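Here is what each chain is made of, one letter per residue.
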Amino acid sequence: MKTLYIEDINDRIDEEVELFGWVYRQREHGGVLFVVLRDSTGIIQISIHKNNIDLNSFNNAQKVTIESSIRVKGKVVEDSRAPTGIEIKCSEFETINLAEEFPIQEGAGKEFLLDIRHLSLRSLKLTEIMKNKELIMRGARRYLQENNWHEVFPPIITSAACEGGTTLFSMDYYGKEAYLSQSAQLYLETAIFPLEKVYSLTPSFRAEKSRTRRHLSEYQHLELEAAWMDAKDIMKVEEELVASMCKEVSEYNGLEKFGRKKEDMILDLPLQRIKYDEALQIIQKKGIAIEWGSDLGYEEEKALTNEFEEPFFVYDYPIEAKVFYMKQNPDGKTYACADLLAPKGFGEIIGGSQREDDLQALETRMELDGVDKTPYQWYLDMRRYGSVIHSGFGLGIERLLMWICDLEHIRDACLYPRTMSRVEP
Ligand code: 4AD
Ligand code: MG
């Protein structure tokens, strides 16, 4: 069993250590072999001098190829010429699996790298992205646990659409039509009656016909739902949650690789809140023709969010722009809803709202929107048996990660991205 990781050896100067990992780089210089070893925690240079090592080990090191798995033993020494300021003076070198010629060369194209994602995910950059993804969930869980939210596990196979029919993936379910979940929201709404404050992390599926840099067909969806909270209360939860997620990342050293500073990840609460009407004015001033009533698409959000440095809320969207389950404002024209948008062109990371808790108002809205009520009877029951004010939201994990790591495309935020044009490997 491996017991020592590269990140641990800073405290082992002058000690003899054993490391396991993969060959990241390899070169020969002045009769000395230099192998850069990679493991999940970083890289370290191994220097192999013919005189300090048995012939077998030296031959192994000489023949070793990129991405071979290896075991090395040696003394940890400080050396300013090594990439990380530390190196191992090798005394033993064993090749565990001699890799075939690794297909990834410097300057490989994006599509090719996606075709061989099972190999390209070993890159240092993707490793850091995956770690940040894990960290934002750790920050989320920390906040959720500290504030007594209950984790629940809703189904992925569903019988009723949450976000409308246009992005539904349907499937044959023993001869009946079923769907892959777009959102756990409707189920979470039922779980607030026993548990009051609930959350889930599930994959959500969207048959997105739009090819943008921020749309996936499958993404990780963190959703919260709470009884006794209105639209304002839930916005406060949203910003605190996101701040906790960002803070967790700020405490990690991998951020500089993305040109981001730790301070960027400390959010100044409360975040700015602007009304939809105001957002519309900003967008229109930038020369984009958009009429009151439209939802903000990719282009509109890009224009708007380029005016901001920190995430911010846009609230009170027109009824025609959003979905039937939202609570109507007394003006009769807007919903008590809010989206949280990331700045600098990134756009929506959270969609949330207060929910319609009145049976009649909800049924009327469904009728006006032409929604067939049949598959929603169980959902309507929530308004029949002890209905309460309640609110919730959904956060796209990859969207948030994209902003945090300043990624060009959302697919880089996934282990195996699923988009309109890609389901492999
Ligand atoms: O705004 P959306 O569609 O809202 C809902 O699904 C609500 N039912 C959530 C709720 O209230 N429980 O999606 C929520 C978030 C978006 O803000 C975005 O971050 C992410 O999910 N998202 C996507 N992420 C990647 N690819 C896609 N195709 C996405 N569609 C939505
Ligand atoms: Mg949305």
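In this report, the structure presented in the accompanying data block is examined.

About the cut-offs
- Residues numbered from 1 in each chain as written.
- Chains lettered and ligands numbered in written order.
- Predicted model: local features only at pLDDT ≥ 70, side-chain atom pairs only at ≥ 80, totals over all residues.
- Heavy atoms only, no water.
- Salt bridge = Lys/Arg side-chain N within 4 Å of Asp/Glu carboxyl O.
- Helix = DSSP H or I, 4+ residues; strand = E, 2+ residues; numbered from the N terminus.
- Buried < 20%, exposed > 50% of the residue type's maximum accessible area, 1.4 Å probe, protein only.
- Near = heavy atom within 4 Å.
- Polar contact = N/O pair within 3.5 Å; in protein donor to acceptor, adjacent residues only side chain to side chain.
- Areas by Shrake-Rupley, 256 points an atom, 1.4 Å probe, with all protein chains shown as cover.
- Pairing = 2+ DSSP bridges.
- Contact = heavy atoms within 4.5 Å.
- Axes fitted to C-alpha atoms, helices over the stretch in contact; angles between N-to-C directions.

**Details of the pattern of salt bridges**
Reasoning step 1: Taken as a whole and judged by the stated rule, the model has 34 salt bridges.
Reasoning step 2: With a shortest N-O distance of 3.8 Å, Glu-111 and Arg-411 are connected by a salt bridge. Residue Glu-111 is found in helix H2 (residues 110-115), and its partner Arg-411 is found in the segment after helix H11 (397-404); the two are separated by 300 residues along the sequence.
Reasoning step 3: Under the relative-accessibility criterion, Glu-111 is labelled partly exposed at 46%.
Reasoning step 4: On the basis of relative accessible area, Arg-411 is assigned to the buried category, the value being 18%.
Reasoning step 5: Across the salt bridge formed by Lys-327 and Asp-357, the nearest N and O atoms sit 3.3 Å from each other. Taken as a pair, Lys-327 in the loop between strand S13 (312-315) and strand S14 (337-342) and Asp-357 in the loop between strand S15 (347-354) and helix H9 (359-368) lie far apart in primary sequence, 30 residues in all.
Reasoning step 6: The class for Lys-327 is partly exposed, based on a relative accessible area of 21%.
Reasoning step 7: With relative accessibility at 16%, the residue Asp-357 sits in the buried group.
Reasoning step 8: Here the salt bridges do not stand alone but share partners, grouping Glu-18, Arg-71, Glu-92 and Glu-94 into one network.

**What about the site of ligand 1?**
Reasoning step 1: Around ligand 1, 23 residues are found, and the nearest of them are Glu-163, Gln-185, Arg-206, Glu-223 and Glu-348.
Reasoning step 2: In the environment of ligand 1, a nitrogen atom lies 3.0 Å from a nitrogen or oxygen atom belonging to the side chain of Glu-208.
Reasoning step 3: Within the side chain of Glu-348, an N or O atom sits 2.6 Å from an oxygen atom of ligand 1.
Reasoning step 4: If ligand 1 stood free it would expose 630 Å²; the protein chains cover 94% of that surface.
Reasoning step 5: Elements supplying a minimum of two residues to the shell around ligand 1: strand S11 (218-227), S15 and strand S16 (390-396).

**A look at the sheet that holds S13**
Reasoning step 1: Strand order in the open sheet formed by eight strands is S6-S10-S11-S16-S15-S14-S13-S12, with mixed pairing between adjacent strands. Taken across any chain shown, the strands that pair with only one partner, and hence form the sheet edges, are strand S6 (150-151) and strand S12 (272-275).
Reasoning step 2: Relative to S15, S14 is paired through six bridges, and the arrangement is antiparallel. Looking across to S15, one finds that Leu-340 is bridged to Ile-350.
Reasoning step 3: Lying on the sheet, helix H8 (residues 298-305) is in contact with S12, S13, S14 and S15; it crosses S14 at an angle near 65°.

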